Amino acid sequence: MSSYRIQGATGEWEVVIGLEVHAQVVSNAKLFSGASAVFGAEPNQNVSLIDAAMPGMLPVPNEECIRQAVKTGMAIGAQINRWSRFDRKNYFYADLPQGYQISQLYHPLVGEGTITIDADEKAGIKEAKTIGVERIHVEQDAGKLMHDQHPTRSYVDLNRSGVALMEIVSRPDMRSPAEAGAYLRKLRSILRYVGSCDGNMEEGSMRADVNVSVRKVGEPFGTRTETKNVNSVRFVMAAIETEANRQVDVLESGGKIVQETRLYDPDRNETRSMRSKEDAHDYRYFPDPDLLPLELSDAFIERCRAELPELPDAKRARYEGELGLSAYNAAVITSDVETARWFEALLDATGKTGPEVGKQASNWLISDLFGALNRLGKSIGESPVTPKQGAELLGLVADGTLSGTLSKQVFEIMLETGDDPTKIVEERGLKQTSDTGAIEKVIADVMAANADKVAEYRSGKDKLFGFFVGQTMKAMGGKANPGVVNDLLKKALG
Amino acid sequence: MSAITDQGLAGLRDGFRAGDFSAREVAEAFNAAVVSAKPLNAFIIETPDHAIAAAEAADRARAAGELLPLSGIPLGIKDLFCTAGYQTTAASGMLEGFVPTYESTVTAKLFAAGAGMLGKLNLDQFAMGSSNETSAFGNVISPWRRNDGGNAPLAPGGSSGGSSSAIAARIVPAATGTDTGGSIRQPAAFTGIAGIKPTYGRCSRFGIVAFASSLDQAGAMAQDVRDSAILLEAMSGFDPKDSTSLDVSVPRWEENLSSDLRGKKVGIPKEYRVDNMPAEIDALWQQGIAWLRDAGAEIVDVSLPHTRYALPTYYIIAPAEASSNLARYDGVRYGLRDLPDGANLQDMYAATRAAGFGPEVKRRILIGTYVLSAGFYDAYYTKAQKVRALIARDFEEAFKQVDVLLTPTAPSAAFALGEKSADPLEMYLNDVFTVPASLAGVPAMSVPAGLDGQGLPLGLQIIGRPLDEQGVLNAGLAIEQRAGFAARPQNWWAK
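Rules used in this analysis
Residues numbered from 1 in each chain as written. Chains lettered and ligands numbered in written order. Predicted model: local features only at pLDDT ≥ 70, side-chain atom pairs only at ≥ 80, totals over all residues. Helix = DSSP H or I, 4+ residues; strand = E, 2+ residues; numbered from the N terminus. Rg over C-alpha atoms; globule rule 2.2 N^0.38 Å. Buried ≥ 20, exposed ≤ 12 C-beta atoms within 10 Å, placed from the backbone. Contact = placed C-beta atoms within 7 Å. Nonpolar A, V, L, I, M, F, W, Y, C, P; charged D, E, K, R; others polar. Pairing = 2+ DSSP bridges. Domains from an automatic or database assignment. pLDDT = per-residue confidence, 0-100. Axes fitted to C-alpha atoms, helices over the stretch in contact; angles between N-to-C directions. Parallel < 35°, antiparallel > 145°, perpendicular 65-115°, else oblique. Arc of directions from axis to C-beta. Left-handed = near helix turned anticlockwise from the far one by under 90°.

Draft legend 1. Fine view of the overall build of chain A. Along its length, chain A carries 15 helices and 16 strands. Taking 2.2 N^0.38 as the reference for a compact globule, 494 residues should give roughly 23 Å; the C-alpha atoms of chain A span a radius of gyration of 30 Å, well beyond that estimate. The dimensions of chain A, computed from C-alpha atoms along their principal axes, are 95 × 55 × 55 Å. When each of the 494 residues of chain A is scored for burial, the buried share is 41%. Here the contacts in chain A between residues at least 6 apart in sequence split such that 69% fall between residues at least 24 apart.

Draft legend 2. Local environment of the overall build of chain B. Along its length, chain B carries 16 helices and 11 strands. Over its C-alpha trace chain B gives a radius of gyration of 21 Å, about what one expects of a compact globule, namely 23 Å for 495 residues. The dimensions of chain B, computed from C-alpha atoms along their principal axes, are 65 × 55 × 50 Å. For chain B, restricting intrachain contacts to residue pairs at least 6 apart in sequence, the fraction spanning at least 24 positions comes to 77%.

Draft legend 3. Focus on the interface of chain A and chain B. With 25 residues of chain A at the contact, the number on the chain B side is 33 residues. A breakdown of the residues in the side of chain A that touches chain B according to their chemical character gives 17 nonpolar, four polar and four charged.

Draft legend 4. Spotlight on the sheet that holds strand S4 (residues 87-90) of chain A. All names here are of chain A. Pairing in this open sheet of three strands is antiparallel, and the strands run S5-S4-S15 from one edge to the other. On the outer flanks of this sheet lie strand S5 (100-103) and strand S15 (286-287), each paired with one strand and no other. Pairing between S4 and S5: four bridges, direction antiparallel. Looking at the pairing, Asn-90 lines up with Tyr-100 of S5.

Draft legend 5. Geometry of the domain arrangement of chain A. As far as domains go, chain A holds domain 1 (6-299), domain 2 (310-428) and domain 3 (436-493). Look at where the C-alpha atoms of domain 1 of chain A and domain 3 of chain A centre, and you get two points 68 Å apart.

Draft legend 6. Spatial organisation of the confidence of the model for chain B. Per-residue pLDDT for chain B has a mean of 96; in total, 99% of the residues score no lower than 70. Interface predicted TM-score (ipTM) for the complex: 0.96; the corresponding pTM is 0.91.

Draft legend 7. Focus on the pairing of strand S6 (residues 217-222) of chain B. Residues and elements named next belong to chain B. Most of S6 is tucked away: six of the six residues are buried. Covered by surrounding structure in S6 are Gln-217, Gly-219 and Met-221 together with Ala-218, Ala-220 and Ala-222, the residues of both alternating faces. Bridge count for strand S4 (residues 174-179) against S6 is six bridges, and the pairing is antiparallel. Counterpart to Asp-179 in the pairing with S6 is Gln-217. Taken together, the three bridges between strand S5 (residues 194-197) and S6 define a ladder with antiparallel strand orientation. What sits directly across from Ile-196, in S6, is Ala-220.

Draft legend 8. Structural detail: the environment of Ser-103 of chain A. All names here are of chain A. Relative to the elements of secondary structure, Ser-103 occurs in strand S5. Measuring from C-alpha to C-alpha, the distance between Ser-103 and Val-210 comes to 19 Å, with 107 residues separating the pair along the chain. In this structure, Ser-103 is in contact with Asp-87, Lys-89, His-137 and Glu-139, ignoring residues within four places of it in sequence.

Draft legend 9. Region of the structure containing the packing of helix H9 (residues 279-294) of chain B against helix H16 (residues 469-483) of chain B. Residue and element names in this part refer to chain B. Interhelical geometry of H9 versus H16 gives an angle of 105 degrees and a closest axis separation of 9 Å. The angle between the axes of H9 and H16 places the two elements in the roughly perpendicular class. For the pair formed by H9 and H16, the contact residues are Gly-288, Trp-291, Leu-292 and Asp-294 on the first element and Ala-475, Ala-478, Ile-479, Arg-482 and Ala-483 on the second. Residues that form the contact of H9 with H16 fall into these classes: six nonpolar, one polar and two charged.

Draft legend 10. Representation of helix H6 (residues 327-334) of chain A. Residues and elements named next belong to chain A. Buried residues of H6: Asn-329, Ala-330, Ile-333 and Thr-334, and no others. Summarising the axial view, the buried residues of H6 lie within an arc of 115 degrees, below the 170-degree limit, and thus occupy one face. Away from its buried face by more than 90 degrees, H6 exposes Ala-327 and Tyr-328. Along its buried surface, H6 packs onto helix H5 (312-321), helix H7 (337-350) and helix H8 (355-376).

Draft legend 11. Representation of unusual backbone geometry within the structure. All names here are of chain B. That bond from Gly-158 to Ser-159 is cis: its omega, 5 degrees, falls within 30 degrees of zero. For Ser-159, the location among the structural elements is in the loop between strand S3 (116-121) and helix H6 (161-168). Residue Asn-276 is not a glycine yet carries a positive backbone phi of 65 degrees. Of note, Asn-276 is situated in the loop between strand S7 (265-269) and H9. Assessed through the 7 C-beta atoms surrounding it within 10 Å, Asn-276 is described here as exposed.

Draft legend 12. Just the pairing of S3 of chain B, in detail. Residue and element names in this part refer to chain B. Judged by how many residues are buried, S3 sits mostly within the fold: six of six residues are covered. Sheet topology places strand S1 (residues 43-46) next to S3; three bridges connect them, and they run antiparallel. Paired with Ile-45 across the two strands is Lys-120, which belongs to S3. One ladder, built from five bridges, connects strand S2 (residues 74-78) with S3; its direction is parallel. Looking across to S3, one finds that Pro-74 is bridged to Gly-116.

Draft legend 13. Up close: the environment of Pro-293 of chain A. Residues and elements named next belong to chain A. By the element assignment, Pro-293 lies in the loop between S15 and strand S16 (294-295). We classify Pro-293 as exposed; it has 10 C-beta atoms within 10 Å. In contact with Pro-293, other than residues within four places in its own chain, are Trp-83, Ser-84 and Arg-85.

Draft legend 14. Quick look at the packing of H8 of chain A against helix H9 (residues 387-398) of chain A. Residues and elements named next belong to chain A. Relative orientation of the contacting elements H8 and H9 amounts to 115 degrees, with a least axis distance of 11 Å. Considering only the axes of H8 and H9, their crossing is right-handed. Along the contact surface, H8 presents Gln-360, Ala-361, Trp-364 and Leu-369, while H9 presents Gly-390, Leu-394 and Ala-398. Grouping the constituent residues of the contact of H8 with H9 by class yields five nonpolar, two polar and no charged.

Draft legend 15. Summary view of the environment of Gly-219 of chain B. Residues and elements named next belong to chain B. Within the fold, Gly-219 resides in strand S6. On the neighbour-count criterion, Gly-219 (31 C-beta atoms within 10 Å) is buried. Through-space distance from the C-alpha of Gly-219 to that of Ser-164 is 12 Å; in sequence the pair is 55 residues apart. Not counting chain neighbours up to four residues away, the residues in contact with Gly-219 comprise Gly-177, Thr-178, Asp-179, Ile-184, Gly-195, Ile-196, Lys-197, Pro-198, Cys-203 and Leu-232.

As structure tokens, then:
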């Protein structure tokens, strides 16, 4: 149970949240035409005759888009409907060439599934929580109007017209902005693992319609509003908070919540009414007569299942079990598919497996590599150090060639030059030495030069041991194996 | 005109191959006939250049010994088929001046088979109508006249009225049509020609301006059954660009034509005997039964119990689909745009669609919008879909007992222009015999079978099993041979 409450004048209010996420499907072509679905082309470059709804043009479903949606459904443990159907949602707008959007109202491709969000004490999520997903259906995106190109005219860009979207509809199972944020992040993580959506909310490839209502704890659901097209996790959380507070204010001042569509304005952090239910469109949904029902064969479903990658929850369990990662490390590394892939490439390159290398590699990745990337403002995909180089560095530490200190030094040089660590070690003579003869000689020199301190130590001032270690390491340019130095010093000091 | 224009498709093909005439001679003869027949208003645009170019290619192909199935054949193309580089209007002001950059699959197949195009044939606007009176380019006039000396201009039927009129007047040897609820068969019956609507999915709908997607089907219109078979064969075939296209091979219908119906069973559905049907149509139906019996068929009485619901079902489903299919004509990207001063987007939609659509199209858009609207959807659209399934089942049941069904094509002969246009319901009743086969998606054809008391043609309809166009054509051939229909309209139009 979430403890998130809004303190009103009349007492505590609980917030009820459901999300409808529109996720743009990763595919080369659009849902019903062969035009490119790639982001960023010049206006109207990716438009086929079908997307422009020329007379006599007909939609033909793109199997890849269906495959992506089916795999997404499988990734949230949802029912895959072998028989689904496309419906037309009719309305007029200049960015909708057909005068209808092909969607799936009555028989969606994917049925009930779930997404589990993790406990997050700091965010007030006390324990892991399962959020229901009612359905996933596929539909066409609309084009876009450009109002800033001409003083009195609007221009239409149809590049996005017909691009495949998945609409992922949650149950009203979330009770706080933090839960909604966690749900969105988890969903995005799953989509990226599956490869069915890139999850880039800034580019509009993932956007959320936010359904919010408030109620006194234990009472039935209140009337909800739908805030459309919110395009970042942060804005979704902020929109929920501001909208829920607005609803509490309205209700406590004796008003009623109107079921309506609202818009979130991040600059003012407020929601505004777009249209109420009374003037809502009558979309006149009906089955698209240009398309046959979508029937999935067993072979198709099996292929989708076989293509499904290991998903974040399973991966995390494996990391904690087989690889002995701490819960924290496992969660951090698996939350993003690119990080997980990098980590696995790193492990592969070490040629080892098991808890020892798992811990070493995950600690290095999270503290050293992430630290460096943070500093450089780069994502893991842009890392100047490759997994193979990282593995080489870990190997040099593991076999005693580099001390911890030396390895950090080498890593910095790797970041700057992009060179392999072995090369750096050789060229710059940064190799750690365990040559006992050389170390013993240095120790003898240090002791001769500090006879007074030797006497103090021998008379019981144990703390001076660190001083001798420091002097010895310094004299050896930091390259002596600290373990060997310790052993030899203990012997020499008696 | 010349003997050339009297020839049908098979005659032209064979005469051209035999060297009796060149393809160019054929094209020129028909081009001239088209020009001479302006009073019929059968064409929206004439495309003599296309016919000549195809003819020249055919003559070269003949010289090179590389003949194609339709080499040397010029055709009329209903102006519902998009033709690259040639205006395509659907007989609507909405698309006046619209020149597609693309070719419909059916016309692409015909042209690839060697055919040329004489012009784009007039039709009811967006194929909505049974008389051609809804065309924005003026109604087509039937070449036929009543023998009462009154000279009242008659309807050529609809919506493929330009096609039927042009074939009956022998200004095209054959033409494409489309049939949503009878738009090939009824005009064929009205003008004394043959016309076949194949199984839904036989001909690709790609590039055909949509009226009602689940019903629209292209088909062939020609002088006789053989010509219909030849043309349909060239039009048919699977098309991956149409999701509802059937992935089946096209049989050799012409080659397998046979009027020997021994071993075949012909069903006579009792529900097609409607009130107020003219006695001479009933008599012709009885005559048709006798002819098919004579051809060796066994006659069986059958029942299609849901027939009486077909017309209301059709007039819910077809307008529902049309209301959505025609939403794309909004003035934004192509076609008519009416942008009054200071107009916003909504104003532009309203002005454009008010100006571009004719009254019948508007009526159907409104009906369709109404039956799909919240609160009425289940009562109308959902119920209509259920009834449609029952109607299809009626046919399935009947075809367990019989191979084909025989019915009249239309409840009357051609009516005069203006006679029924005041009352849409009376006009819709014209489709009563043709609509059930459309709803069931089964093949059906009309063949000319006789004349009524006023000297006007009457047709009989043969309905077959899904994909059994051969059975339909064969029964049609048996009737054609026995009917010996040779009547022709008097040429009053070429002065």
